[in-house]
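Reading the structure
Each chain, written out:
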Amino acid sequence: MQSFKPSVLSAAVTLALAVSSTAVLAQQNNSGADKPDNVEVIEVKGIRGSLNKALNVKRHEEQIVDAIVAEDIGKFPDNNVIESLQRVTGVQVTNRGSGETSAVSIRGLSDITTTVNGRNIFTAAGTAVALQDIPASLLKQVDVYKTRSASQIESGIAGSIDVKTHRPFDFDGLKVVAAGRGIYTEQNEETNPAISALASNRWELDSGEFGALVNISYSRMRYRDQSVTAGAMVPFSTANSTSPFTPYERIFLDRGGVAENPIWQPGLLDGLPSAAGSTLLVNGTPTEYILGRDAIFQSDFNGERERPAANISLQFAPNEKSEYVFESFYNGFRNEGFNSLLFSFADWWGGYGGMTPAQAAAAANVVLHPGTNIVKSRSVQDPWVFTSGDLTTGQTDSYLHALGGRWDLTDNLTMKSELVYQDSKYEGDFFAMRFIRPGANYKLNVDFNSGGGIPGFNFEDNPATAAIDESTMADPSAYITDTMYDNANEDKGDAITFTTDLSYRLDGFFTMAEAGVRYDKRGAETAFSRQDTCCGGGVNVATIDGLASINSGFMDGEANVPTSWVVANGHYIRDNADEFRSMYGLNKLALQRSFEIDSTTLSLYAQGKYETEVAGRVLDGEIGVRYTGIDTDSNFWQEAASVDAQVLTSGESKTRKILPSLTARYQITDDLQARLAYTETLRYPGFGDLNPLITYNEDVTGIGYGTAGGGNKDLKPTESKNYDFALEYYFADASSIYGTLFRRDIDGFVVGFRRAVTAPKSATDPTPYKFILTQPYNASEGELSGAELGVVWFPENLPAVLDGFGIQASYTSLSSSQTTPDTNSEGEITAYRTTDLFGVSDSSYSVVLAYDKDKLGMRLSYAWRKDFLANYEAALFANPLEVRRKSEASMDFQLSYQLTDQWEITLDGTNLTNELYQSYYGNNPETNNFGTALYSRTFALGVRYSM
C-alpha cells in the first residue's frame, strides 16, 4: 500500500483551513466536582446516537479527550475494547493474536494509566491491567484522556483510559438485558460463546432511594496463531576461505588460532556491513565473509482462553444532598496454550572441509541477494533439527471493592470520598519437551525470503536421490526425546486506596476551587521455579503411547514450508508431569521467592476552575498543581539451587514530584472552540525493573555465551512535559471536524546497558561461564510531536436511498526521536545514537463507513498504521539491532437489526482481509525479513434481548 505521510506542518495547515472559517458551541463546563451526579440519563441507541454522545463528551470536557459510547446497554461494537479504540483519533493498536488485538498506544506511546470508574486498576504484581481482559459487554463508555488534570492520577505519559460501567441510577427503573454471540475463528474452525446479562432496578424507600445492579459476562475463545521465521544473521566464511576457516564455516566471536578477540562485534545498531565483498580482520588479514541466518523455525500455536467477569453496583440516596455507592468488580482470565514448534539450525558447515571451492559451492548452493553479502538461500547437510511441544497455562483472578459517597455540606461546598480495596493473583506454569531427529543423510534446503518476505524450506531425506519426503516429519518413530522444561510462577498484588475531594463554588474569575488527597498502599510479590534437563534417556517417541502430537494444515497454503511435524503432546506430558519428571530424574520444585515490594503513594492536589470573557467570547479552563510522594521498600531473593539457599537483598527508593497543569478553552464562535494545555506526567518503573538481582540464561543458539538480565533499584520515574493545541468545529448533530497539534518532551527513558560478566553456569553448576548482562538505567531522552485530525459526519437532506449514511475518519502524523547511549562490553558509554521511539508509527489512519436508519445499523471500518520500530533483537548477532514491524491493517464489519422492541440480531467479522503480519531487521524488509504470522479471521452471530 502506498502510504500518505504529510509533515506535521502540512497537517497543521490542513487543520487550520478545515476549521478556521466556521465554528463550536460555548458550553458551561460539566466535568469534575461541579458535575451533578444524578443527571437526567439520555438513552443512546444506534451508531449515530453513540457517536453523538461521544462527541458531546469531547466537546464539554475541559481536558482533550475522545470517547467510545456503547450503542446500547451491553452492546459494544467489537470483540474487545482495544479493537474499538483503533477508531479513536490518535490511538494505534497492534499485537493481534490469540483471536484478538491486545496492545494499545495513545499517540504512539504505550505507557497508559487504566482506570475503572476513575479507580486505578492493576493485574497481580504488575502496575497496569490488560485492557482486553475487561469484557466489552460490561461497559457503557470508555474515555481516552490525552491531557491531564491535577485531580487525575499522575502516571501515564501517554495518557489515561477510563472505563465506565453501568450503575442502577443510570436507568429509570427495571432494566434487564441479555446477549449471546457465537464467534467463529477461521484457522482452527471453532465456534466460541460470549454471553452477558444485566439486571438493574431502583426503589423508593422510606429512608431514600435505593438501586441495585448486577452485570455478568463469560466468553471463551479457541484460537490458532501460525508463524514462520527466518533466524538471526551471523557471519560465515566464503567458499574460497582458507585456514583457519573451512568453506562456509560459521565465524564465532572467538576461534582457536585467531589473534583478534573478538573477531567481530555483535549487537551493532546497523549490524555488520552487508555490502558485497565486506571483510573482517582475521590474523591481521582482511577476510571476506557472508551473512547467513543461524536458523529457520515455525510455530503452530493453539489455545483456549476464558474470561469470566461480574460487576455489582449498589446506590443509595437518602436525600438530594447525599449519595452512597458500593461496587464490586471481578474479572478473571484462564488460558491454556499449546505451541507446536519446528526448529532447524541453518549454520552447520560440516562436510565442506576438504572440498574444493567448487565442490563446497555446489554442496552449499548459496545464493546471495544481488549487490550484498546476505544469503538469500542455501542448503545445509545434516542440520540439527528439533521440535518442541510447549504447554503454557495461566489463571488470573482480580477483585476490586469500593465504598464511597458524596455530600453537599453547604450550598457551595461538596465533598466526595471513597475507600477501595483490590486483590489480584496470577498462577502459571510452562511444561515442554523437545524431540530431535537423529541420524544423518538428510539435508535442509531453505530460501530465507521465497517471496513477499515469507521464508520457504524443506528437507531432503535422501539427498543422494534428491527425494523430498515429508512423511518422516510426521512419523513419531523418526524422533527421540531430548530436553524437558518445567517452570512455574505465581504473582500477587493488593492495594488499599483512600481518596477525598472537596469542591467549593465561587463567584468571580474563579468559579470553583478544588482540592483533594489520594493515599495508596500497594503490595506485590512474585515467586517462580524453573528446571530443565536432557534427555530422558533418548527414548524413541513411538514407544510411549500418548506422547506424540501431530499438527496439520500449517499456514493454510500461505508459505512453502512443512505443513505437519511431530511434537510432544503438551497436554499429555502436563497431565502426567510427575511421571515425566521421574523419567528425567527431576522432582517437582517448590516456588522460590523473587521479590516483594511495598509501595506507598501520597498525592495532594489543588486547582481552580476559571471563566471570563475575551472579545465577547467565553474563555474558561483550569489551573492546578499536583504533589506526589512515593516510598518503595523492596526485598529480593537471588535464584539458588534450593529455597533455603536463597540470599535476601533489601532496598528502598523515594520519589517526590510537583506537577503543574494548565488548560484553557476559548469559544471562538458558537460552533468553534480552541484548547490549549500544558501538563506534566510520570511513568513509574515497573516492579520487575526495580529488582537488582540477576537471572542467568545459558547459550541455546551456539553463539558462545549466555545472556543475563536484572533490574535496577535506583530507577527513577520517566518525566514528560506535554503541550497541546486543539481546534474543534461542531457543525451539525453528530457531526464534527477537529484536530490537535501536540508535543511531548520526555526525560529519563529507561534503556538497557550491556556488559560482559562471568558467573556460575547455572544454579547447580559452578563452572565459570560468560554472560552478556543487560540492566536498565534512566539514560535516554526523547521527543514526540505530531498532529491528529478527525471527522464525524452524518450528512443531512440526503436522498432517501442514502439517508442514514455517515463517515467517521481520523489521521495521525507523528515524529519521534530518542537519544540513547551505546556501550562497549564493559558497559562504558562509547557514543550516543538517535533512533525512533519504540512503537511509534509515523502515520496512521482509520475510516469508518456507517449506516444507521430505522432498525438497521451497519459499520465497515478500516484501520492502518505505517511500519514502526517494535523492539531490539538480542545483542548476540550480526544483523541490525532494530526489529521493525511492517505496516499493519485491519478491516472489520458490524451489522445489527432490530427485530422487535426487545429483540435484536447482530453479525460481525474481524480481520476480513486476512492480513499477514510481518517484521524485519533494520530498514530493508527484502534482505532482512524476519517473521511472518497468520492470525484467524473471526465471524460472529449474536442475539440480544432488552426490556
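Residues numbered from 1 in each chain as written. Predicted model: local features only at pLDDT ≥ 70, side-chain atom pairs only at ≥ 80, totals over all residues. Heavy atoms only, no water.

**Examining unusual backbone geometry**
Cis peptide bonds are those with omega within 30 degrees of zero, and the linkage from Cys-534 to Cys-535 qualifies with 10°. Checked against the element boundaries, Cys-535 lands in the loop between strand S24 (510–533) and strand S25 (548–550). Of note in the backbone geometry, Asp-556 takes a positive phi value of approximately 50° without being a glycine. Among the secondary structure elements, Asp-556 is positioned in the loop between S25 and strand S26 (566–568). On the basis of relative accessibility, which here comes to 49%, the residue Asp-556 falls in the partly exposed class. Non-glycine residue Asn-914 carries a positive phi angle of around 50°. Position of Asn-914 among the secondary structure elements: in the loop between strand S43 (903–910) and strand S44 (916–921). (Helix = DSSP H or I, 4+ residues; strand = E, 2+ residues; numbered from the N terminus. Buried < 20%, exposed > 50% of the residue type's maximum accessible area, 1.4 Å probe, protein only.)

**Things to note about the environment of Gly-456**
Tracing the backbone through its elements, the reader meets Gly-456 in strand S22 (residues 456–460). For Gly-456, a relative accessible area of 6% translates into the label buried. Separated by 103 residues in sequence, Gly-456 and Ala-559 place their C-alpha atoms 6.3 Å apart. Gly-456 has contacts with Asn-445, Val-446, Asp-447, Ser-450, Asn-560 and Val-561, leaving out every residue within four places of it along the chain. (Contact = heavy atoms within 4.5 Å.)

**So, the side chain of Thr-927**
Following the sequence through the fold, Thr-927 ends up in the loop between S44 and strand S45 (929–934). The buried category is assigned to Thr-927, whose relative accessible area is 9%.

**Examining the pairing of strand S3 (residues 100–106)**
Burial of S3 is extensive: six of the seven residues sit out of reach of the surface. Note: strand S2 (residues 91–97) against S3, six bridges, orientation antiparallel. Residue Thr-94 lies in a different strand from S3, and its bridge partner there is Ala-103. Once S2 ends, the chain turns through two residues before running back antiparallel as S3, passing Ser-98 with a positive phi of about 55°. (Pairing = 2+ DSSP bridges.)

**Regarding the packing of aromatic side chains**
Enumeration over the complete set of coordinates arrives at 30 aromatic pairs. With 6.1 Å between their ring centres and 20° between their planes, Tyr-223 and Phe-301 make a pair best called stacked. Of this pair, Tyr-223 sits in strand S10 (residues 208–230) while Phe-301 sits in strand S15 (residues 295–319), and the two are 78 residues apart along the sequence. Note on accessibility: Tyr-223 and Phe-301 belong to one class, buried. Considering the side-chain rings of Phe-297 and Phe-343, the 5.3 Å spacing of their centres and the 10° angle between planes classify their relative orientation as stacked. Highlighted residues: Phe-297 in strand S15 and Phe-343 in strand S16 (residues 322–345), separated in sequence by 46 residues. Looking at Phe-297, the relative accessible area reads 24%, which means it is partly exposed. Lying over the aromatic face of Tyr-738, Lys-58 brings its terminal NZ or CZ to 4.4 Å of the ring centre. Against the face of Phe-236 rests Arg-378, its NZ or CZ located 5.5 Å from the ring centre. (Phe/Tyr/Trp six-rings, centres within 6.5 Å; stacked < 30°, edge-to-face > 60°. Lys NZ or Arg CZ within 6 Å of the ring centre and 35° of its normal.)

**A short note on the state of the cysteines**
What we call a disulfide is simply a covalent bond connecting the sulfur atoms of a pair of cysteines. Tallied over the full model, the rule gives one disulfide. Residue pairing for Cys-534: its cysteine sulfur links by disulfide to Cys-535, the two sulfurs lying 1.2 Å apart. Linking Cys-534 and Cys-535, the disulfide has an S-S dihedral of approximately 45° and is accordingly described as right-handed. A relative accessible area of 24% means that Cys-535 is categorised as partly exposed. (Disulfide = S-S within 2.5 Å.)

**Examining the layout of surface pockets**
Size it by volume and the second largest pocket reaches roughly 1200 Å³. In terms of lining residues, the second largest pocket is bounded by 40 residues, among which Arg-530, Asp-532, Tyr-696, Glu-698 and Ser-762 are the most central. Residue composition of the lining of the second largest pocket, by class: 18 nonpolar, 14 polar and eight charged. (1 Å grid on protein atoms, 1.4 Å probe; cavity = no way out; pocket = protein on both sides within 12 Å on 5 of 7 lines; lining within 4 Å. Points joined across faces, edges and corners; volume = space filled by probe spheres on them. Nonpolar A, V, L, I, M, F, W, Y, C, P; charged D, E, K, R; others polar.)

**Observations concerning the pattern of salt bridges**
Two side chains bearing opposite charge may form a pair once their charged atoms approach each other closely. Applying the stated criterion across every chain, the model contains 53 salt bridges. A salt bridge links Arg-202 to Glu-209, with the shortest nitrogen-to-oxygen separation between them at 2.6 Å. Accessibility expressed as a relative area gives 18% for Glu-209, which makes it buried. Ionic contacts of the salt-bridge type, sharing partners, join the residues Lys-58, Asp-66, Arg-107, Lys-146, Asp-724, Arg-744 and Glu-788 into one network. (Salt bridge = Lys/Arg side-chain N within 4 Å of Asp/Glu carboxyl O.)

**A look at the sheet that holds S22**
An order of S17-S18-S21-S22 is seen for the four strands of this open sheet, with the pairing classed as antiparallel. Looking along the sheet, the strands with just one partner apiece sit at the ends: strand S17 (367–368) and S22. Relative to S22, strand S21 (residues 443–447) runs antiparallel, the two being bridged by five bridges. Paired with Asn-445 across the strands is Asn-458, a residue of S22.

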